[in-house]
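For reference, the chains in residue letters:
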Amino acid sequence: MRAYCWARFGILRQRFLDEIGQYLPPEGPVLDIGCGFGLFSLYYALAEPRRLVRGVDLSRRRIAMARRAAARLGLDNVAYEEGDARDFKGDGEVLAAYMLDIVHHIPPGAVRPLLAQLRRCLPAGGMLLVKDVDTRPAPKRWFTWALDKLMAPGTPVHYWAADALQAALGDSGFRVRRHLMVDVLPYPHVLFVCEATG
Ligand SMILES: C[S@@+](CC[C@H](N)C(=O)[O-])C[C@H]1O[C@@H](n2cnc3c(N)ncnc32)[C@H](O)[C@@H]1O
């Protein structure tokens, strides 16, 4: 994990972080569903001290690592909890939410209910950022699949075609734009920039 974090942040470009971060409010509550061991939530909390980032992940081990990292960084504007995205309920308003490389780990039938819950917890105009893996081009998909299996061999994977995921987001009450994400590694990553409609 340590090696992964070191390598991942080593090759992450600032532009990559900013492409997502530009849509997050500088203050107020932000939700990170599937936060893993906190790579992004720690960065976005560190970047804006008045932003309150709440990370949720299925893995107890990853949540413990994220909490330890937050403590070591002295951050009090990020909090982590163990939880299943499939059980997520819009239990309070957040100003923005993001899901980075998690939709493909959620069983396909549970994705639309999760999107509906996320829409419920966002105000009109609130932003949901979804970064995920397109099914094309196939060689990039296979590369990403191999890495997914290496990192979490037991976790199921279902990649959505970008058109299908965009349609599901649109049907859930979001105005959606999408573009490819620039990365050093050959991931077929797509960023969906979703604004909650009124
Ligand atoms: C590829 S990692 C991405 C982690 C983080 N978003 C990042 O970009 O560094 C996928 C994460 O989704 C989590 N996950 C998988 N299924 C989940 C579920 N049903 N509910 C919450 N988290 C889940 C895994 O534990 C893992 O941390």
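Up top is the structure.
Predicted model, so just to flag it, every value in this text is computed and none were measured.

## Considering the nonpolar core
Membership of the largest hydrophobic core comes to 31 residues, with the highest contact counts inside it found for L31, M99, L118, L128, L169 and F192. Elements represented by at least two residues in this core include exactly β1 (28–33), β4 (96–100), α5 (108–120), β5 (127–133), α7 (162–171), β6 (174–180) and β7 (189–196). Considering each element in turn, this core owes the most residues, 5 residues, to α5. Core analysis: the second largest hydrophobic core is formed by 29 residues, F16, Y44, A45 and Y98 among them.

## Some details on the environment of F9
Relative to the helices and strands, F9 resides in helix α1 (residues 2–11). Exposure remark for F9: the relative accessible area of 33% places this residue in the partly exposed category. Distance in space between the C-alpha atoms of F9 and G55 is 19 Å, their sequence separation being 46 residues. When sequence neighbours within four positions are dropped, the list of residues in contact with F9 reads L17, L39 and Y43.

## Structural notes on the site of the ligand
What surrounds the ligand is a group of 17 residues, the closest being G34, D57, R62, A85 and L100. L100 places a polar main-chain atom, nitrogen or oxygen, 2.8 Å from a nitrogen atom of the ligand. More than half of the atoms of the ligand fall within 2 Å of the grid points belonging to the largest pocket. Partitioned by chemical class, the residues of the shell around the ligand number 8 nonpolar, 5 polar and 4 charged.

## Re the environment of T155
Checked against the element boundaries, T155 lands in the loop between α6 (138–151) and α7. Sequence separation of T155 and D132 is 23 residues, and the distance between their C-alpha atoms is 16 Å. Apart from residues lying up to four places away in sequence, T155 is in contact with H105 and K149.

## Details of the layout of surface pockets
Estimates place the volume of the largest pocket at around 930 Å³. Along the wall of the largest pocket there are 39 residues; nearest its centre are G34, R62, L100, D101 and H105. Going through the elements one at a time, α1, β1, α3 (39–47), β2 (51–57), β4, β5 and α6 are the ones with two or more residues in the lining of the largest pocket. Considered class by class, the residues forming the lining of the largest pocket number 20 nonpolar, 10 polar and 9 charged. Estimates place the volume of the second largest pocket at around 540 Å³. In terms of lining residues, the second largest pocket is bounded by 16 residues, among which C5, F37, L42, M65 and A69 are the most central. At the level of elements, α1, α3 and α4 (60–73) are the ones that each hand at least two residues to the lining of the second largest pocket. In terms of residue count, the dominant contributor to the lining of the second largest pocket is α4 (5 residues). Taken together, the residues of the lining of the second largest pocket sort by class into 12 nonpolar, 1 polar and 3 charged.

Each value, and the rule that gives it
- Residues numbered from 1 in each chain as written.
- Predicted model: local features only at pLDDT ≥ 70, side-chain atom pairs only at ≥ 80, totals over all residues.
- Heavy atoms only, no water.
- Core = buried A, V, L, I, M, F, W, Y, C linked by side-chain atoms within 4.5 Å.
- Buried < 20%, exposed > 50% of the residue type's maximum accessible area, 1.4 Å probe, protein only.
- Helix = DSSP H or I, 4+ residues; strand = E, 2+ residues; numbered from the N terminus.
- Contact = heavy atoms within 4.5 Å.
- Near = heavy atom within 4 Å.
- Polar contact = N/O pair within 3.5 Å; in protein donor to acceptor, adjacent residues only side chain to side chain.
- 1 Å grid on protein atoms, 1.4 Å probe; cavity = no way out; pocket = protein on both sides within 12 Å on 5 of 7 lines; lining within 4 Å.
- Sits in = over half its atoms within 2 Å of the grid points.
- Nonpolar A, V, L, I, M, F, W, Y, C, P; charged D, E, K, R; others polar.
- Points joined across faces, edges and corners; volume = space filled by probe spheres on them.

Function-wise, these values are silent; they only describe arrangement.
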